[in-house]
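# Overview (structure and organization)
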Amino acid sequence: MFEKMQEQPPVSLLGLLIAYQADPRPHKIDLGVGVYRDATGHTPVMRAVKAAEKRLWETQDSKRYLGREGDMGFVEALKPIIFGAGSDLIDQTAGLQTPGGCGAIRLAADVIATASPDVRVWTGTPGWPNHNLFFSHSGQEVVEYPFFDLATQTILFDKVREALTSTREGDVFLLHGCCHNPTGANFTTEQWLEIAQLLAERKLVPFLDLAYQGLGSGLEEDAKALQLVLSAVDEAFISYSCDKNFGLYRDRVGALYMMSRNPRELKIAASNASACAAPGWGMPPDHGGAVVRTILESKELTAIWRAELKEMGERVNGNRAALADAHPDLAFIKEQGGLFSTLNMSVETAKKLREHYAIYFADSGRMNLAGMQPADVKPIIDALVAEGVLKAL
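In short, a report on the structure. (Residues numbered from 1 in each chain as written. Predicted model: local features only at pLDDT ≥ 70, side-chain atom pairs only at ≥ 80, totals over all residues. Heavy atoms only, no water.)

## Brief notes about the overall build of the protein
The following threshold applies: Helix and strand labels come from DSSP, where a helix needs a run of H or I of at least four residues and a strand needs a run of E of at least two; each type is numbered from the N terminus. Contact criterion: two residues are considered in contact whenever any of their non-hydrogen atoms come within 4.5 Å of each other. Accessibility throughout is a Shrake-Rupley quantity obtained with a 1.4 Å probe, and a residue counts as covered only by protein chains that appear here. The charge count treats Lys and Arg as positive and Asp and Glu as negative. His and the chain ends do not count. A single reference atom marks each charge: NZ on Lys, CZ on Arg, CG on Asp, CD on Glu.
Assigned secondary structure in the protein consists of 13 helices and 13 strands. If one aligns the C-alpha atoms of the protein with their principal axes, the spans along those axes are about 65 × 55 × 55 Å. Restricting the contact set of the protein to residue pairs at least 6 apart, pairs at least 24 apart contribute 73%. Entry remark: accessible area of the protein is about 18200 Å², with carbon and sulfur atoms responsible for 54%. Taken as two groups, the 39 positive and 49 negative side-chain charges of the protein have centres that lie 3 Å from each other.

## Considering the pattern of salt bridges
To keep things clear, this is the line we draw: One speaks of a salt bridge when a side-chain nitrogen belonging to Lys or Arg is within 4 Å of a carboxyl oxygen belonging to Asp or Glu. The classification of residues rests on relative accessible area computed with a 1.4 Å probe and restricted to protein chains. Under 20% of the type maximum is buried, over 50% is exposed, and intermediate values are partly exposed.
Taken as a whole, this structure holds 21 salt bridges when the rule is applied. Between Arg25 and Asp23 there is a salt bridge, with its nearest N and O atoms 2.7 Å apart. The residue Glu300 makes a salt bridge to Arg55 at a minimum N-O spacing of 3.1 Å. Of this pair, Glu300 sits in helix α11 (residues 299–326) while Arg55 is found in helix α2 (residues 47–59), placing the two residues 245 residues apart along the sequence. The partly exposed category is assigned to Arg55, whose relative accessible area is 32%. Here the residues in one salt-bridge network are Asp71, Arg293 and Glu297, joined through shared partners.

## Re the packing of aromatic side chains
To keep things clear, this is the line we draw: Only Phe, Tyr and Trp rings are paired, with Trp represented by its six-membered ring, and only when their centres lie within 6.5 Å; those with planes under 30 degrees apart are stacked, over 60 edge-to-face, the remainder tilted.
Counted according to the given criterion, the structure contains twelve aromatic pairs. Ring centres of Trp128 and Phe134 lie 6.5 Å apart, and the angle between their planes is 65 degrees; this geometry places the pair in the edge-to-face category. What makes Trp128 partly exposed here is its relative accessible area of 22%. Classification of Phe134 by relative accessible area gives buried; the value is 13%.

## As for helix α12 (residues 347–357)
What counts here: What the arc describes is the spread of directions from the helix axis to the C-beta atoms.
Within the sequence span of α12, burial applies to Thr349, Ala350, Leu353 and Arg354. Here the buried residues of α12 occupy an arc of 140 degrees about the axis, which is enough to place them on one side. More than 90 degrees from the buried face of α12, the exposed residues found are Glu348, Glu355 and His356. Within two residues after α12, Ala358 carries a phi angle of roughly 60 degrees, on the positive side.

## What to know about unusual backbone geometry
The peptide bond linking Thr125 to Pro126 adopts the cis configuration, its omega dihedral lying at -5 degrees. Within the fold, Pro126 resides in the loop between β3 (120–125) and α5 (129–137). A cis amide bond links Asn181 to the next residue, Pro182, at an omega of 25 degrees. Here Pro182 is to be found in the loop between β7 (172–176) and α7 (189–201). Here Cys179, not a glycine, exhibits a phi torsion of approximately 50 degrees, which is positive. Note that Cys179 resides in the loop between β7 and α7. Note on Cys179: relative accessible area 4%, which makes it buried. In this structure, Lys203 takes a positive phi of about 55 degrees despite not being glycine. Of note, Lys203 is situated in the loop between α7 and β8 (205–210). Under the relative-accessibility criterion, Lys203 is labelled exposed at 53%.

## Brief notes about helix α13 (residues 377–386)
All buried positions along α13 are accounted for by Val377, Ile380, Ile381, Ala383 and Leu384. Take α13 and look down its axis: the buried residues cluster within an arc of 165 degrees, on one side only. Opposite the packed face of α13, turned more than 90 degrees from it, sit the exposed residues Lys378 and Ala386. The secondary structure elements touched by the buried residues of α13 are β1 (29–30), α11, α12 and β12 (359–360).

## Some remarks on the packing of α11 against α13
Quick note on the threshold: The convention used is that axes are lines fitted to C-alpha atoms, helices contributing only their stretch in contact, and that angles between N-to-C directions extend from 0 to 180 degrees. Throughout, the term roughly parallel applies to angles under 35 degrees, roughly antiparallel to angles over 145, roughly perpendicular to angles from 65 to 115, and oblique to all others. By definition, turning the near helix anticlockwise from the far helix through less than a right angle yields a left-handed crossing, and turning it clockwise yields a right-handed one. Each residue is assigned to one of three groups, with Ala, Val, Leu, Ile, Met, Phe, Trp, Tyr, Cys and Pro labelled nonpolar, Asp, Glu, Lys and Arg labelled charged, and all others, Gly among them, labelled polar.
It is the contact of α11 with α13, at a shortest axis distance of 10 Å, that shows an interaxial angle of 45 degrees. Considered as vectors, α11 and α13 are oriented oblique to each other. Read as a crossing pair, α11 and α13 show a hand that is right-handed. Here Ala322, Leu323 and Ala326 of α11 come into contact with α13, specifically with Val377, Ile380 and Ile381. Taken together, the residues of the contact of α11 with α13 break down into six nonpolar, no polar and no charged.

Right, dumping it as structure tokens:
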């Protein structure tokens, strides 16, 4: 059987991480894989997570199965964080635990394929490649539209509007809830209001991916656009990741929520999501979800987590400000949010930056602002000027 198969290319970003780790140069800078690094360049286990894990070690008395839906205490504890404490949306959403945000998106794609096999899914470019990968593998037709211009670092809102008005009733429209990956671009409140209105008028189903809540403008602020959209529509999918804002990357902690104003239909949707999860993973891994639940069930640990997350967001925004202030061509970086921004460069330039300067950009020009240190600003600027990405001052 195996002799009939063709070798597949490696995952590019993971290859970048391996290359960075193998690079012996002491001045190397990792702007590639999207993980948070502190001021020492380390990706720490958060203090709240350590404390929650200690509590679990002391009190957890069984490793029995939880079922397809995973830890429902975890799923419910996240709802006020995502939808707002006291919001009607809490009762209008049903969810289940998934293996990371990736698992949530893939599961949603399977649910969409079950409900509407002929539906189209609209995604903006540049975007996160795995979105299209998951939808395509579930059989959806993916329709791409231009979302962002790298040369001018601006959202092409006319193209977004054009895409929304080119949809068919029932189509799924993907939106990043905050901290767009890979551009860091944010819609204005006025633009979000127009998007919400068009989604409702054209009877579309928004798919809101919230993977970086708290790492942009703050925990509550980063959820406002999602809440605004959900208040305008009758149905929606929400994928959520705890990998970044709880630092649980390798524990794969996520959740899929479905929103409906019809209680009966919401119950049916939830049962179908559970059925679709069965052939995928049977039951999601427990540990990370239990950690998050333990944190959110404790006022003390929640306060520690919120303070840590605030520190992380401030550090990322401080790195943005440092780069933006160092060169006028990078002023836009300060106005963007989250871990990522993408510079207008060729694949060849990205390779040169890695090979000649030990500065690890993704081939797309995406840079992880959470990966740099204040001392990295000058070598980054000097390299980008030398390679013509920025003008000489």
